Every structure is written in C-alpha cells, then in structure tokens.
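Next come the chains, spelled out residue by residue.
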Amino acid sequence: MICFNSSNRNDNKIIQLKELNFKSMNISREKMANNLKELILGIVKCRDYFLANSKNLNAPIHVYTHIDADGLSSGAILGKALYRENFPFQISILRQLEREEIERVIKDIKKYHNFTIFADFGSGQYLELQEKLCNDNSCPFIILDHHLPQNIANQEEKELIEEIRKKTSPWHANPYFYGIDGSTEISGAGMSYFFAKCLNPNNIDLSPIAIVGATGDIQNQAKNKSFVGVNLHILEDAKKVNLIDIINDLNFSSLKPINEAIAYSKDINLPGLSNDANRCLKFLQTTSVLMENADGTIRSLNTLTQDEKQKISTAIIEYSTIKLNIEPGEIIEKLIVHKYLLTREQNYEELHDAGEFSNMLNSCGRSNNGSIGIALAMGDRNSAYVQAKQILNDYKKLLFDGLNWIYNEKKIQSKTNIQYFFGEDKIPETIIGVIASILIFDKGDEIDVEKPIFGIARRQDEDVYKISGRAHKSIVRKGINLSDAIRKTLERLEIDVMGGGHPPAAGTTVPIDKIEVFLDTIDLIVKNQIS
Ligand code: C5P
Ligand code: ZN
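Definitions and limits used
Throughout this document, residue positions are counted from 1 along each chain, in the order its sequence is written. All chains are assigned letters beginning with A, and all ligands numbers beginning with 1, in the order in which they are written. In view of the model being predicted, local features appear only for residues whose pLDDT reaches at least 70, and side-chain atom pairs are presented and counted only at 80 or more, with totals across whole chains, interfaces and linings using the full set of residues. Side-chain descriptors were evaluated using all non-hydrogen atoms of the structure, hydrogens and water having been removed beforehand. Note that the domain bounds were set by an automatic or database domain assignment. Whether two residues are in contact is decided by their heavy atoms: any pair within 4.5 Å suffices. By buried area we mean the combined loss of accessible area, with a 1.4 Å probe, across both parts when two parts are placed together. Whenever Lys or Arg places a side-chain nitrogen within 4 Å of a carboxyl oxygen from Asp or Glu, that contact is recorded as a salt bridge. Pairing of N or O atoms within 3.5 Å defines a polar contact, subject to two protein rules: one partner must be a possible hydrogen donor and the other a possible acceptor, and residues neighboring in sequence count only if both atoms are side-chain atoms. The helix count covers DSSP runs of H or I at least four residues long, the strand count covers runs of E at least two residues long, and both are numbered beginning at the N terminus. In this classification, the charged set is Asp, Glu, Lys and Arg, the nonpolar set is Ala, Val, Leu, Ile, Met, Phe, Trp, Tyr, Cys and Pro, and all remaining amino acids, among them Gly, are polar. Donors, by definition, are the N, O and S atoms found within 2.8 Å of a metal, the threshold being 3.2 Å for Na, K and Ca, and water is not counted, so a site can look incomplete. Here the metal geometry follows the donor angles, with tetrahedral for four donors whose angles all fall between 85 and 135 degrees, square planar for four and octahedral for six when opposite donors are more than 155 degrees apart and every other angle is between 65 and 115, and irregular for all the rest. Relative accessibility thresholds used throughout: buried, under 20% of the residue-type maximum; exposed, over 50%; partly exposed, between the two (1.4 Å probe, protein chains only). The criterion for a residue being near a molecule or strand is simple. One of its heavy atoms has to lie within 4 Å of it. Here, Shrake-Rupley sampling with a 1.4 Å probe gives the accessible areas, and only protein chains in the shown set may cover a residue. Only the six-membered ring of Trp is used, alongside the rings of Phe and Tyr, when aromatic pairs are assigned; centres must lie within 6.5 Å, and planes under 30 degrees apart are stacked while those over 60 apart are edge-to-face, with the rest tilted. Given the number of residues in a helix, its expected span is that number minus one, multiplied by 1.5 Å.

Asker: Is there a simple way to think about the domain arrangement of the chain in this case?
Answerer: One frequently used descriptor of interface size is the decrease in accessible area upon assembly of the parts. If you check the domain split of the chain, you get domain 1 (28-219 + 227-239), domain 2 (250-368) and domain 3 (409-530). Relative to domain 2, the C-alpha centre of domain 1 lies at a distance of 37 Å. Contacts between the two partners involve 13 residues from domain 1 and, on the opposite side, 10 residues from domain 2. Where domain 1 abuts domain 2, roughly 990 Å² becomes buried across the two surfaces, and 75% of that area is made up of carbon and sulfur atoms. Seen at the junction of domain 1 and domain 2, the total is 0 salt bridges. Inspection of the region where domain 1 meets domain 2 yields 0 residue pairs in polar contact (both at pLDDT 80 or more). Examining the composition of the side of domain 1 that touches domain 2, we find that 6 residues originate from one element, helix H8 (residues 207-216), more than from any other. Residues belonging to the side of domain 1 that touches domain 2 are distributed by class as follows: 9 nonpolar, 3 polar and 1 charged.

Asker: In this structure, what is going on with the coordination of the zinc ion (ligand 2)? I would like to understand it.
Answerer: Metal coordination angles in their ideal form are 109.5 degrees for the four-donor tetrahedron and 90 or 180 degrees for the six-donor octahedron. Distances from the zinc ion (ligand 2) to its protein donors, Asp70 (OD), Asp120 (OD), His146 (NE2) and Asp217 (OD), fall at 2.1 to 2.3 Å. Between the 4 donor atoms coordinating the zinc ion (ligand 2), the angles at the centre fall across 84 to 170°, so the site counts as irregular. In the primary sequence, the donor residues of the zinc ion (ligand 2) line up as D-x49-D-x25-H-x70-D. In this pair, Asp120 sits in the loop between strand E3 (116-119) and helix H5 (126-133) while His146 sits in the loop between strand E4 (141-144) and helix H6 (158-168), placing the two residues 26 residues apart along the sequence. Here Asp120 matches His146 in class, with each residue buried.

Asker: Hey, could you run me through the site of ligand 1 in this one?
Answerer: As a matter of local geometry, ligand 1 sits amid 14 residues, with His147, Lys466, Ser468, Arg470 and Gly500 nearest to it. Residue Gln96 places a side-chain N or O atom 3.4 Å away from an oxygen atom belonging to ligand 1. In this structure, an oxygen atom belonging to ligand 1 sits 3.4 Å away from a main-chain N or O atom of Gly501. Look at ligand 1: alone it shows 460 Å² of surface, and the protein chains cover 92% of it. Sorting the residues of the shell around ligand 1 by element identifies strand E11 (464-470), strand E12 (499-501) and strand E13 (505-511) as the ones contributing at least two each.

Asker: It is not clear to me how the packing of aromatic side chains should be interpreted in this structure. Could you clarify?
Answerer: Working definition: an aromatic ring pair is given by the centre-to-centre distance plus the angle between the planes. Throughout the structure, instances matching the rule amount to 14 aromatic pairs. The interplanar angle of 55° and the centroid separation of 5.0 Å between the aromatic rings of Phe227 and Tyr340 together place this pair among those described as tilted. Of this pair, Phe227 sits in the loop between H8 and helix H9 (230-240) while Tyr340 sits in strand E7 (residues 336-342), and the two are 113 residues apart along the sequence. Summarising the burial analysis for this pair, Phe227 and Tyr340 share the class buried.

Asker: For this particular structure, what's the right way to read helix H12 (residues 306-323)?
Answerer: The periodicity of an α-helix, 3.6 residues per turn, causes residues three or four places apart in sequence to face the same way. The end-to-end C-alpha distance of H12, which contains 18 residues, comes to 25 Å, matching closely the 26 Å that a straight helix rising 1.5 Å per residue would cover. All of the buried residues along H12 are Glu308, Lys309, Gln310, Ile312, Ser313, Ala315, Ile316, Ile317, Tyr319 and Ser320. Where H12 is buried, its residues meet strand E6 (244-250), helix H10 (258-263), helix H11 (277-285), helix H13 (328-335) and E7. Phi turns positive one or two residues past the end of H12, at Asn325, with a value near 60°.

Asker: Please explain the environment of Asp523 as it appears in this structure.
Answerer: One can find Asp523 in helix H21 (residues 515-530). Its relative accessible area of 8% is what places Asp523 among the buried residues. Considering only alpha carbons, one finds Asp523 and Lys451, 72 residues apart in sequence, at a separation of 9.8 Å. Leave out the neighbours within four places in its chain, and Asp523 touches Lys415, Thr416, Asn417 and Ile418. Within polar-contact distance, the side chain of Asp523 engages the backbone nitrogen of Asn417 at 2.7 Å.

Written out as structure tokens, the structure reads:
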C-alpha cells in the first residue's frame, strides 16, 4: 500500500529510495560515499583558503550569485553562514557571469580588495577569473559551483577535469572534480551548504534551503520525483534535524479541479477517464471523498487531506490494474510523487513545499527583486514575505500570458533537429529560460520532446539575443548535451561570448545578425550528438 502519511515510515522510505537510486545510477554505494568524502575535502581546502585570506580585510566579503532559485538559495546560505561567524558581507545578484560582468566585477574587486565568493557560477568562467585575479594576492576569491567547467564538454573528460582540479585548488570547488554529476546530484546551493557546514556544523539547519535550490534546478528527476546522489545526503541532514518531511502526493496539478486535473494529465493515461472530466467526476464520486466545495465548485488536490488522497490513489490503482490490466508498479511510478515539506514553514503556504518555495525565489530573481528572494531564503517572514507574495502573483501572470501567447499564436518553429521560439515583445530575457523549461516539462501538444527547445529573447540594452536551451531528460540520456552544443556552435562561428551550463539546460548570448546561422549550426551539432 502507498503510504500518504508523513510518519516515521518516511525514514524507511528514504533508505529504500537511496538503495534504489544508487542502483539506478549504476554506481556502488562505496564509490558514492568516497566521492562525497573527496568533495568535502575539496571544500575544506576552500574553507581554509577563505579563512586564511579573509581576516584583516578592509571591505566586506563579497558574494556574487545567480538570479535563479538555486543562485538565490546559494546566496542566502552563504549570507547566513557568514553572518553567524560575524563576517561582514554583501551579496550581489547577476543574471549571468558574462564577459562584461566579469570586467565590472574585477574592477570592483581591484578597487575594494574584498574577499570574493562566486556561487552557482564561476566554473564556466574560471579561466578569466584565474587570469585576472590569481596573480593579485590582494584579491583572493573562491568558486563554489556545480556547472561543467570551462572547456569541458562532458563529465567523461576525466583527465582534463582532473587537470583543472589540480590547477585551481584550493580556490575552486566543483562536483565534477570528484566524479559527481553537477546537473543531477548537487546544485550551487548544495555546494554552498557544504561550505557553510565546513565553517560551522551548526549550519546543518540550512539544509532545507539547499533542497529548495536543488528543486529550483529541477534535480528531483529520479523515480517518483526523488533526488539522487549527494542531494540525498543533504536530505538526510534535513531529516536528521526534523526540518524536512517527505510525503507522498498524487502527480496531478494541485490547483485545477481534481476531475480536470486527472482528465487532462500529461503523465497519466487512463483510457475511459482521460480527456473526459465528467466521467472523472463520476469515478471520483465512487470513492466516498466529498468532491464539492461549499460553493459547489470541485475541490482541487491541494485541499484534500492525506487520507482523501489515499482513497483516490487506491481507486486509480484498482481501476488501472483491474480494468486496464496495467501492472501496479507501472501506475504507481507515474501516480505518486514525493513532496518535500519544510516543517518550519507550515504557516506560509508558498514556502511549505520546497517546489513552491523555489518558485517564489525564481519569481523574485526573474523580476529584478533578487534581494527580496535572498531575504526570504535567509528567513525574513515579514516585509520580504509580503512583497514576495505580490511578486509571485505578477510572475505567474507573466508566465501564463507568455505561454498562452506561444500556444495561441503558434510561435514554436522547427528545424530538423531542434525547435525554437522568439520572445518578441511578449517574453523578456529574464523569463525566456523558465518558459522554455515549462514547455519541455509540460509536454504541450505543440512540443516535440524528442527535440531540444531554444527560447530566444532580444536583450533590452544591447544588440544581442539571450538564448536559453532546454532538453527533456529522455533525449539527454540519448546523448544530447546542450552545454557542449552551445559551446561548439559559438566556437565554430567564432562568436566570442561565454556560453554553457548543463546537458539539459544551457544558455548564451548571440549578436542579432548571427541568430539564423547560430540556429542552423546548432541544428547540425545536435544531429551529430544524437547519431
Ligand atoms: O540562462 P539560462 O537559464 O538559460 O541558463 C541555463 C543554465 O546554463 C543555468 O544553469 C545557467 O547558469 C547556465 N549558463 C552558464 N553559462 C552561460 C549561460 C547559462 O553556465 N553563459
Ligand atoms: Zn544552479
């Protein structure tokens, strides 16, 4: 039976999941533990370098971080850890560490001589940072990142990665140095969390924010939306101090009327019920769960109790196994997802679930309100929370309008191996990547999940397009690597800008007159990756 209660059973659940995920990663538990040990040793070196070089500075420690949920979580974890150790600090939030930003940042560092921490970016730009800062003893810095390092195409380039590790120790910590996959096993917030824990073990209470960051980077993509690898250790820390509860939930939209959520689910196909909201309602009425709200409208998933969810799940499993002859394991895998609830946030609807929390942070970062996001993730439940609620509403509307515009106006275009859309005057640069992610993960009718998608938005103040690429995990498994595809395309076209990220999500900027040739070239490069 699937358990819908958040009781002690969850402890067993985590242990079982861990076994499962180690197995599915095809990596032994010992190797995994050893990799984590090595990672922590690398971070300890960073910490020692930080402690040795951050005393007697005239300016506060300067943390630079990324505008997305993972970046803001990283900034909040570092801010909190520095505050607790009485280090004066300031945090700056950047949309990306592009060349011009690096110039600006370096100018500032040389002026104020702060100790600088780059979090959730920096690995993709480590050569520039090394060249400009390493010869200057008065400008020490560290990088805590999880992206593929500059000039590394994928995690199989082990010798090159090892060379970078040796060359950049002790100021550069990155999971790929230790055989850990930065796109699925640990986020920027996770790296910042381990750094914070190395500073002071009491920072274990920051583990939920590391999980929020990892959720923001969509790292809970294993079976039933579980985490793998190092993220599981962070989850164990959070459980140990009773700050996260893992519950089972139904994999349907939590906001739509439940009959519609089941009828129009993209993941779960139930012949006889799918695409027919009325029949779904009749089916649900057989479960003894009261379906209507007091005003006669149909209840949504987020208003159901765990007991009611249990009844509905049992009915769906019975329907699938008896009427449709589907193996119970097959339906359970699709029907049940894990939710990660932050136990201290019970009174804050948008912060209780790690996924919702990361959404709120994203809304702050993507609307130039990153500092509100940082305050929120550092624990402000007064003014930051009140402001963030309004920001989240506006952001949801922006996304909703953008997606509707794409679907209604049929804005998705295709080449042989890729699909793409221009944001025009409707979708700004700040949310182009979010829209691309939603399109791929929502698997709308117009979307071909077999092809990567590129969202393209004109930057307001420059003659460039911002490009965000996203690929479904099913094609990443087949060899698609967008970070590598973007870097190779830039190289082939001799476009001198930074680009990269992870195999399923990567970005760059391209001069406006190069966009067509960029798309044609990346179309060919993606073709080569598949073949
Ligand atoms: O900008 P966008 O959201 O599309 O980026 C997708 C991923 O690629 C993010 O993790 C981002 O940090 C990374 N990225 C990068 N270098 C760039 C642009 C994006 O590492 N120049
Ligand atoms: Zn990240």
